[in-house]
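# Reading the structure
Letter by letter, the chains look like this.
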Amino acid sequence: MMPIYEYQCSACGHPLEAFQKISEAPLTDCPNCHKPTLQKLISAAGFQLKGSGWYATDFKNKDKKDKPASTTTTETKPTTTDTGKKSE
């Protein structure tokens, strides 16, 4: 599993996403302007799961498997003609 890190160049504003190992040093050089001004952004950690591990077999399509087939039923409600007035 390799996290996806977000970077942005403070010189030209170029955004960048990079797959990196957790142990790798942060990127510093911008691929757009080639200056050493990349800054790692603080964001939710993104990652990509590959292969047929526990996620793919146990959780990936769980919602689709557990949902029952939809059936259409019509429900009729009795209609009332009572106006709520008392006869005298």
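This text goes with the structure placed above it.
## A look at the overall build of the protein chain
- When you go through the protein chain residue by residue, the secondary structure sums to two helices and four strands.
- Counting contacts in the protein chain only where the partners sit at least 6 residues apart, residues at least 24 apart contribute 36% of the total.
- Surface accessibility of the protein chain: about 8300 Å² in total, with carbon and sulfur atoms responsible for 52%.

## Concerning the pairing of strand E1 (residues 3-9)
- Of the two faces of E1, the one lined by Pro3, Tyr5, Tyr7 and Cys9 is fully buried and the one lined by Ile4, Glu6 and Gln8 carries no buried residue.
- Of the strand pairs in this sheet, E1 and strand E2 (residues 15-19) are connected by five bridges, and their pairing is antiparallel. Each bridged residue has a counterpart across the sheet, and for Gln8 the counterpart in E2 is Pro15.
- Turn length for the E1-E2 hairpin, with the two strands adjacent in sequence and antiparallel, is five residues, and the turn residue Gly13 shows positive phi of about 85 degrees.
- Here three bridges tie E1 to strand E3 (residues 38-40), and the two strands are oriented antiparallel to one another. In the strand pairing of E3, Cys9 is matched with Leu38.

## Some thoughts on the packing of aromatic side chains
- Following the criterion strictly, the structure yields zero aromatic pairs and no others.
- The ring of Tyr5 carries the charged tip of Lys40 above its face, separated from the ring centre by 4.1 Å.

## Things to note about unusual backbone geometry
- Despite not being glycine, His34 has its phi angle at roughly 65 degrees, a positive value.
- One can find His34 in the loop between E2 and E3.
- Overall, the relative accessible area of 61% leaves His34 in the exposed class.

## Re the nonpolar core
- Counting residues in hydrophobic clusters, the biggest one holds six residues: Tyr5, Tyr7, Cys9, Ala18, Cys30 and Leu38.
- Contacts of Ala18, omitting those with residues within four sequence positions, involve Pro3, Ile4, Tyr5, Tyr7 and Leu27.

## Observations regarding the environment of Cys33
- Inspection of the secondary structure puts Cys33 in the loop between E2 and E3.
- Given the relative accessible area of 25%, Cys33 is considered partly exposed.
- Along the chain, Cys33 and Cys9 lie 24 residues apart, while their C-alpha atoms are 8.6 Å from each other.
- What Cys33 contacts, discounting residues up to four positions off in sequence, is Cys9, Ala11 and Cys12.

## Observations concerning the side chain of Gln20
- Secondary-structure assignment places Gln20 in the loop between E2 and E3.
- Among the polar contacts made by the side chain of Gln20, one reaches the side chain of Tyr7 at a distance of 2.6 Å.
- With residues near it in sequence (within four places) discarded, Gln20 still touches Met2, Pro3, Tyr5, Tyr7, Ala25, Pro26 and Leu27.

What counts as what
- Residues numbered from 1 in each chain as written.
- Predicted model: local features only at pLDDT ≥ 70, side-chain atom pairs only at ≥ 80, totals over all residues.
- Heavy atoms only, no water.
- Helix = DSSP H or I, 4+ residues; strand = E, 2+ residues; numbered from the N terminus.
- Contact = heavy atoms within 4.5 Å.
- Areas by Shrake-Rupley, 256 points an atom, 1.4 Å probe, with all protein chains shown as cover.
- Buried < 20%, exposed > 50% of the residue type's maximum accessible area, 1.4 Å probe, protein only.
- Pairing = 2+ DSSP bridges.
- Phe/Tyr/Trp six-rings, centres within 6.5 Å; stacked < 30°, edge-to-face > 60°.
- Lys NZ or Arg CZ within 6 Å of the ring centre and 35° of its normal.
- Core = buried A, V, L, I, M, F, W, Y, C linked by side-chain atoms within 4.5 Å.
- Polar contact = N/O pair within 3.5 Å; in protein donor to acceptor, adjacent residues only side chain to side chain.

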